[in-house]
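Each chain, letter by letter, is given below.
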Amino acid sequence: MSFWTAIVLIVLIGSIASVLRSRNHRRVEDQSINGNATRDEEAQRELQELRERVKVLERITVDGREARAIADEIESLRGKPDKQDG
C-alpha cells in the first residue's frame with residue numbers, strides 16, 4: 001500500500017466516523033426533546049389540577065364567612081409556633 005493510499009483511507013475512515021457520530025448525536029437530541037415535551041405536558045396537567053384544588057379550597061374556606069374574619073384567623077395562625085411531637 002502506498003503512502004497516498006494510506007492517507008486517503010485514514011481521511012475516509014475519519015469522515016465516516018464523523019458522520020456516524022453526528023447521526024447518533026442528532027438521535028439523542030431528538031429523544032431528549034421528545035422527553036422534555038412529555039414532561040412539560042405532565043407539568044401543565046399537574047398545574048391545572050392544582051389550580052382546581054386551590055379554587056375548591058378557596059370556596060370551602062370563604063363560603064358563609066366574611067373575608068375579614070378569615071384574614072384575622074390567618075394572621076392569628078401566623079403568630080403561633082407549630083407544635084412538634086416529641
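Residues numbered from 1 in each chain as written. Predicted model: local features only at pLDDT ≥ 70, side-chain atom pairs only at ≥ 80, totals over all residues. Heavy atoms only, no water.

> Can you walk me through a negative patch on the surface in this structure?
Where like charges cluster on the molecular surface, the negative patch consists of Asp40, Glu41, Glu42, Glu46 and Glu49. The topology assignment puts Glu46 in helix α1 (residues 3-62). (Patch = residues over 30% accessible without salt bridge, like charges linked within 9 Å, V, L, I, M, F, W, Y side chains within 5 Å. Areas by Shrake-Rupley, 256 points an atom, 1.4 Å probe, with all protein chains shown as cover. Salt bridge = Lys/Arg side-chain N within 4 Å of Asp/Glu carboxyl O. Lys, Arg positive; Asp, Glu negative; His and termini not counted. Charge placed at Lys NZ, Arg CZ, Asp CG, Glu CD. Helix = DSSP H or I, 4+ residues; strand = E, 2+ residues; numbered from the N terminus.)

> Would you mind going over the pattern of salt bridges with me for this structure?
It is possible for side chains bearing opposite charge to pair when their charged atoms get close. Considering all chains together, one arrives at 2 salt bridges under this definition. Lys55 serves as the salt-bridge partner of Glu52, at 3.9 Å between the closest nitrogen and oxygen. Placement of the pair is Glu52 and Lys55 together in helix α1, with a separation of 3 residues, close to one helical turn. Residue class for Glu52 comes out partly exposed when judged on its relative accessible area of 37%. A salt bridge links Glu75 to Arg78, with the shortest nitrogen-to-oxygen separation between them at 2.8 Å. Of this pair, Glu75 and Arg78 both sit in helix α2 (residues 67-79), 3 residues apart, roughly one helical turn. (Buried < 20%, exposed > 50% of the residue type's maximum accessible area, 1.4 Å probe, protein only.)

So yeah, pure geometry; function would need other evidence.
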